[in-house]
Amino acid sequence: MSGRGVRSIRGMNDILPGDASAWQTLERVCRETFAAYGYQPIRLPLLERTELFTRAVGEVTDIVEKEMYTFEDRGGDSVSLRPEGTAGCVRAGIEHGLLHNQVQRFWYAGPMFRYERPQKGRYRQFHQFGVEAYGLIGPDVDAEQIALCARLWRRLGLTGLRLEINSLGTVEERQDYRRELMAYFSDRVDELDEDSRRRLERNPMRILDSKNPEMRPVIAAAPAFEDSLGPESREHFDGLRARLDAMGIDYTVNPRLVRGLDYYTRTVFEWLTDQLGAQDAVCSGGRYDGLVDQLGGSPTPAVGFALGVERLVALIQDQGTAPDEVAPHAYLVHRGGDAGRDAMLLAETLRDALPHLRLHTHAGGGSFKSQFKRADRSGAALALVMGEEEAAQGVVQIKHLRVDQETEQVGRDELPDRLGRYLAGPGGNDEHKEQR
Ligand code: HAM
């Protein structure tokens, strides 16, 4: 008797072939766009010392207090699955001497882990693409990263994304603001929920981040950060806005945008959608000029963001803008005499000539009828047909499975050319054709 099946862990998803096309489109467009702005890939461990995150993300944050997968490894060290990528990126940059007096632009991708309550768009293992720039102090690079995001959405054909920005000032300005907030909330302790009371002493800015709707009125009336901004931070923020205006990128300033991680200074931003319910942030980030220093490097300005892959994939699928990058272009059916052997040789020749061709060669025999059924189910646009007669004559039939177009017969030698033209044409879904 077989045992009970083992199920996956809640909030940790299998990503099945049916979703592969949207994932691959997003991954490819990210890679190409990051490269277009001079960002270089960096690959970082999934597991880090717990201390890295408590120091970087902040001890009094939801992530560190409630959401990390933390355990002792067999050597007795406390380690955590990374809840985000910025801390590890800074750690690696310091460790390999990449940040001191240098300008660097890095990107990374991969799974992140947070023990949150799973719901649509919120998972315990989720994926990010992240971008980090080091050594640049001015608002130009903040603006450039936001323009990079806007270009990603354009290339993915996504619409309806809103940009919110805010400035959190310098570390010192935040301390002033913190005192002000503490005074304000201390006078209103009765209106605070349990979480917020606990945060009042150690991290009052986190109260602004509360998701509890009952807290809304008291948060709405709290002093705004704007008034604590010093002249340089104000100038930085104005510089960012002027650049966004010049590039025609729409935004709203949201003075309550504080972000859930403690390392931010000055610019913070978030791209939001109305199409995914409560989990409305698809991409977020900002400047963190104090973090490199705080983690033991020499003071280095930094700015970055990360996008939520699952959320963007859902938008891509809802808005139907992904070219198919997975279904075969062609399905080779064959039957009788030498056709099977010839088909295999032909398939290899085609793959030699056209490395981007996605070709599925039928295996397992069966009638033409059953092979065509398979071809249809595979999603292929074309069936290449080689029967006994075609094999003998050295020709192949090209049958269009998705559009009403006459069957063509071409010589085997001409086939690579003919398919090459097909891949480059409108039906070919060639990899590089979406909007720029
Ligand atoms: P974050 O806002 O915590 O920032 O996450 C970035 C994005 O990851 C969010 O906008 C969202 O799309 C996605 N995300 C976050 N949590 C989940 C979840 N549980 N399930 C699905 N998607 C999720 C950071 O992680 C910073 N490290 C970003 C950054 C880079 N700041 C500067 N550089």
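What counts, and where the lines are drawn
- Per chain, residue numbering runs from 1 following the sequence as it is written.
- Totals for whole chains, interfaces and linings use every residue, but because this is a predicted model, local features are given only for residues with pLDDT of at least 70 and side-chain atom pairs only at 80 or more, for both listing and counting.
- Side-chain metrics in this entry use all non-hydrogen atoms of the structure; hydrogen atoms and water are not considered.
- Every helix listed is a DSSP run of H or I at least four residues long, and every strand listed is a run of E at least two residues long, numbered separately from the N terminus.
- Buried, partly exposed and exposed residues are distinguished by accessible area as a fraction of the type maximum, computed with a 1.4 Å probe on protein chains only: under 20%, between the cut-offs, and over 50%, respectively.
- Two residues qualify as a contact provided that any one of their heavy atoms is within 4.5 Å of a heavy atom in the partner residue.
- Per-residue and other accessible areas were derived by the Shrake-Rupley procedure at a 1.4 Å probe size, with only the shown protein chains allowed to occlude residues.
- Counting rule applied: Lys, Arg positive; Asp, Glu negative; His and chain ends not counted.
- To locate a charge, the coordinates of NZ of Lys, CZ of Arg, CG of Asp or CD of Glu are taken.
- Only when DSSP finds a minimum of two bridges between them are two strands counted as paired.
- Each axis is a line fitted through C-alpha atoms, and for a helix only the stretch in contact is used; angles between axes span 0 to 180 degrees, taken between their N-to-C directions.
- By convention here, the domain bounds are inherited from an automatic or database domain assignment.
- Nearness is judged by heavy atoms alone; a residue qualifies as near a molecule or strand once a single heavy atom is within 4 Å of it.
- Counted as a polar contact is a pair of N or O atoms within 3.5 Å, where, for protein atoms, one must be capable of donating a hydrogen and the other of accepting one, and residues adjacent in sequence contribute only when both atoms are in side chains.
- By salt bridge we mean one thing: a side-chain nitrogen of Lys or Arg within 4 Å of a carboxyl oxygen of Asp or Glu.
- Any two rings among Phe, Tyr and Trp, with Trp reduced to its six-membered ring, count as a pair given centres within 6.5 Å; such a pair is stacked if its planes are under 30 degrees apart, edge-to-face if over 60, and tilted if neither.
- The criterion is that NZ of a Lys, or CZ of an Arg, lies within 6 Å of the ring centre and within 35 degrees of the ring normal, and then a charge sits over that ring.
- Think of a patch as exposed residues, more than 30% relative accessible area, with no salt bridge, where like charges cluster within 9 Å and nonpolar side chains (Val, Leu, Ile, Met, Phe, Trp, Tyr) cluster within 5 Å.
- Helix span, as expected, comes to 1.5 Å for every residue beyond the first.

Student: How would you sum up the overall build of the chain? Please name residues and give values.
Tutor: Per the secondary structure count, the chain includes 16 helices and 16 strands. Along the longest, intermediate and shortest principal axes, the C-alpha atoms of the chain span 90 × 65 × 45 Å. Split into buried and exposed, the 436 residues of the chain put 52% on the buried side. Across the chain, the fraction of contacts at a sequence separation of at least 24, relative to all contacts at a separation of at least 6, is 71%. If you sum the accessible surface of the chain, you get close to 21500 Å²; carbon and sulfur atoms cover 48% of it. The averaged location of the 68 negative side-chain charges in the chain is 4 Å from the averaged location of its 56 positive side-chain charges.

Student: Describe in detail the sheet that holds strand β8 (residues 252-253), supporting the description with residues and values.
Tutor: Across the sheet, which stays open at both edges, the eight strands sit in the order β1-β5-β6-β11-β10-β9-β7-β8 with mixed pairing between neighbours. The sheet terminates laterally at β1 (40-41) and β8, the two strands that pair on one side only. Against the sheet, helix α1 (residues 20-36) engages β5 (104-113), β6 (125-134) and β11 (302-308), with an angle of about 5 degrees to β6. In the packing of helix α10 (residues 231-247) onto the sheet, the strands contacted are β7 (162-167), β8, β9 (267-272) and β10 (281-287), and the crossing angle to β7 comes to about 160 degrees.

Student: Can you explain the domain arrangement of the chain? Please cite residues and give values.
Tutor: According to the domain assignment, the chain consists of domain 1 (17-169 + 229-319) and domain 2 (330-424). Of note, the centres of domain 1 and domain 2, computed from C-alpha atoms alone, are 46 Å apart.

Student: So, the site of the ligand: which residues are in play, and what are the values?
Tutor: The environment of the ligand is made up of 26 residues, and the closest members are Glu 84, Glu 116, Glu 132, Tyr 264 and Ser 284. The side chain of Thr 86 places a nitrogen or oxygen atom 2.9 Å from a nitrogen atom of the ligand. Between the ligand and Ala 281 there is a distance of 2.9 Å, counted from an oxygen atom to a backbone nitrogen or oxygen. With the chains in place, 96% of the 650 Å² that the ligand exposes on its own is no longer accessible.

Student: Requested: an account of the pattern of salt bridges, with residues and values cited.
Tutor: Opposite charge on two side chains lets them pair, provided their charged atoms get close. Applying the stated rule across the entire model yields 31 salt bridges. Of the charged contacts, one joins Arg 198 and Asp 195 as a salt bridge, the two residues approaching to 2.7 Å between their closest N and O atoms. Of this pair, Arg 198 and Asp 195 both sit in helix α7 (residues 194-202), separated by three residues, roughly a single helical turn. Three or more residues joined by partner-sharing salt bridges are found here, namely Asp 62, Glu 65, Lys 66, Asp 195, Arg 198 and Arg 199.

Student: Now, about the side chain of Asp 289: what can you tell me, with residues and values included?
Tutor: Here Asp 289 is to be found in the loop between β10 and α11 (291-294). When near neighbours in sequence (up to four residues on either side) are disregarded, Asp 289 contacts Ile 137, Thr 265, Thr 300, Pro 301 and Ala 302.

Student: Go over the sheet that holds strand β14 (residues 382-386) with me, naming the residues and quoting the values.
Tutor: Sheet strands line up and pair through hydrogen bonds in the backbone, either parallel or antiparallel. With mixed pairing, five strands are arranged side by side in an open sheet as β13-β12-β14-β15-β16. Two strands in the sheet have a free side with no partner beyond their single neighbour: β13 (359-361) and β16 (408-411). Mean inter-strand twist for the sheet, computed between neighbouring axes without regard to direction, equals 25 degrees. Both strand β15 (residues 395-400) and β16 contribute to a ladder of four bridges, which runs antiparallel. Paired with Val 395 across the bridge in β16 is Gly 411.

Student: Requested: an account of the packing of aromatic side chains, with residues and values cited.
Tutor: Per the counting criterion, the structure on display carries 13 aromatic pairs. Between the aromatic rings of Tyr 263 and Tyr 264, the centroid separation amounts to 4.8 Å while the plane-to-plane angle is 55 degrees, which identifies the pairing as tilted. Cation over ring: Lys 399 sits above Phe 372, and NZ or CZ is 5.5 Å from the ring centre.

Student: With reference to specific residues and values, describe a positive patch on the surface.
Tutor: A cluster of basic residues, Lys 369, Lys 373, Arg 374 and Arg 377, forms a positive patch at the surface. In this fold, Lys 369 is placed in helix α14 (residues 368-377).

Student: Requested: an account of the pairing of β5, with residues and values cited.
Tutor: Among the ten residues in β5, eight count as buried, and that is most of the element. Note that β1 and β5 share two bridges and pair parallel. Looking at the pairing, Pro 41 lines up with Trp 107 of β5.

Student: Residues and numbers for helix α6 (residues 171-186), please.
Tutor: For α6, built from 16 residues, the straight-helix expectation of 22 Å at 1.5 Å per residue is met to within 8% by its first-to-last C-alpha distance of 22 Å. Residues of α6 that are buried make contact with α7, α8 (205-208), α9 (216-220) and α10.

Student: Give me the lowdown on the environment of Gln 405, citing residues and values where you can.
Tutor: Take Gln 405: it is sitting in the loop between β15 and β16. Through-space distance from the C-alpha of Gln 405 to that of Pro 328 is 19 Å; in sequence the pair is 77 residues apart.

Student: Account for unusual backbone geometry, with residues named and values stated.
Tutor: Most of the time, phi is negative for any residue but glycine, and the peptide bond is trans. Even without a glycine there, the phi angle at Arg 259 is positive, about 70 degrees. Mapped onto the secondary structure, Arg 259 falls in the loop between β8 and β9. Its identity is not glycine, yet Arg 266 carries a phi of approximately 50 degrees, on the positive side. Examined against the element boundaries, Arg 266 turns out to sit in the loop between β8 and β9. Given the relative accessible area of 10%, Arg 266 is considered buried.

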